[in-house]
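Okay, here's what each chain looks like letter by letter:
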Amino acid sequence: MRVTLFGASGLLGHDLVPELSREPYQLTALSIEDVDLRDHARVRNLIRESRPEWILLLAAYTDVDGCESNRDLAFAVNCDGAVNVAEAARAAGSRLLFVSTDYVFDGSKRSPYQTSDARNPASVYGESKARAEEQLLEILPEVCIARTSWLFGHGGKCFPGTILKLAATRPEISVVNDQRGSPTFTVDLAPALVQLCRASARGIVHVTNSGDCTWYEFAKEIVRLSGLPAAVRPVTTAEFPRPARRPAYSVLSPDSLHAYNIHMPGWQDALRRYLASVSGATASVVP
Ligand SMILES: NC(=O)c1ccc[n+]([C@@H]2O[C@H](COP(=O)([O-])OP(=O)(O)OC[C@H]3O[C@@H](n4cnc5c(N)ncnc54)[C@H](OP(=O)(O)O)[C@@H]3O)[C@@H](O)[C@H]2O)c1
């Protein structure tokens, strides 16, 4: 299967590239050095040359707070850039899997979001991804939109990495306890996305590790499992205002994923594996 991937050097790309770098895949892995999504002609040429059966679009402007002050850039990359890829995919007859986000929802629900729930983003980042979803569904009715959430992994900065650093140097850390979601390990997400392609998935699919927690509960578990002595204090979002509004609740129902017979491990299990593979933490992970 010929696959072209945009976003190779990001957090998720770090685990998707090796997943697709072996038989039966022929991977063209592209990073921002190879192509800027905003360059319509280059995107089109690269796709025409690589003639992929599947295109995986992970590349995005993912700085959620940065998007608030750079609205034009957020839309140019996350929406217009995605449209460039979708139009090139249509011209080349390629299937497209677009990675999207729980931030397309406003977070007002208190039960898991279904794929049929209406988008109502509360941030510019969420808005740019939501608009991309809508446009991609128009351009390519067979597109697969894989929404995920709260990514962590080895390919870049992530929440557990930050908590480990803070907890090693401070006696107490404060973490918000009024935003609930599902942490997702890129090591688990990568093969699930590949399985979706193999299953010829289409439409919107929610792909996260199972279970949910608040950032505070996530941080508590990181500190507990790593055996660090820091205390974790729950605080409210109002106490720590950020430029972008985050959904208070963005748990994504796994029903759409289970329909493809794909099942994801729980986030605590994923966290345990992440911590076990972070050098230095291995020795101190407690049962
Ligand atoms: N991280 C999360 O918690 C999370 C949650 C839900 C959904 N998602 C979605 O999952 C996908 C992967 O996220 P991630 O965490 O792996 O993101 P990431 O680490 O920020 O990687 C995104 C990649 O896209 C590249 N990029 C940025 N602007 C570009 C442009 N104009 N043209 C081409 N490439 C560009 C970035 O390059 P530079 O680093 O050089 O800028 C980076 O390598 C994204 O679509 C994101 O929206 C992420």
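A quick note: this is a predicted structure, and the numbers were derived from the prediction, not measured.

Caption draft 1: Structural context of the nonpolar core. In terms of nonpolar packing, the biggest core is built from 63 residues, with Phe6, Val85, Leu96 and Phe218 touching the most fellow members. If one sorts the elements of this core by residue count, helix α4 (residues 71–92) sits on top with 10 residues. If near-sequence neighbours (up to four positions away) are discounted, Phe218 is found in contact with Trp150, Phe152, Phe159, Pro160, Pro183, Cys213, Trp267 and Leu271. Listed in part, the 27 residues of the second largest apolar core include Leu5, Leu58, Ala201 and Ile262.

Caption draft 2: Geometry of the site of the ligand. Taken together, the neighbourhood of the ligand is formed by 23 residues, with Leu11, Leu12, Thr62, Tyr125 and Lys129 sitting nearest. Backbone polar atom of Leu58 to an oxygen atom of the ligand: 2.9 Å apart, as the coordinates give it. Separating an oxygen atom of the ligand from a backbone N or O atom of Val99 is a distance of 3.4 Å. In the complex, the protein chains occlude 78% of the 890 Å² of accessible area that the ligand would expose alone. Among the elements of the structure, β4 (95–101) and α5 (124–139) are those that each provide at least two residues to the shell around the ligand. Residue composition of the shell around the ligand, by class: 13 nonpolar, 7 polar and 3 charged.

Rules used throughout
- Residues numbered from 1 in each chain as written.
- Predicted model: local features only at pLDDT ≥ 70, side-chain atom pairs only at ≥ 80, totals over all residues.
- Heavy atoms only, no water.
- Core = buried A, V, L, I, M, F, W, Y, C linked by side-chain atoms within 4.5 Å.
- Buried < 20%, exposed > 50% of the residue type's maximum accessible area, 1.4 Å probe, protein only.
- Helix = DSSP H or I, 4+ residues; strand = E, 2+ residues; numbered from the N terminus.
- Contact = heavy atoms within 4.5 Å.
- Near = heavy atom within 4 Å.
- Polar contact = N/O pair within 3.5 Å; in protein donor to acceptor, adjacent residues only side chain to side chain.
- Areas by Shrake-Rupley, 256 points an atom, 1.4 Å probe, with all protein chains shown as cover.
- Nonpolar A, V, L, I, M, F, W, Y, C, P; charged D, E, K, R; others polar.

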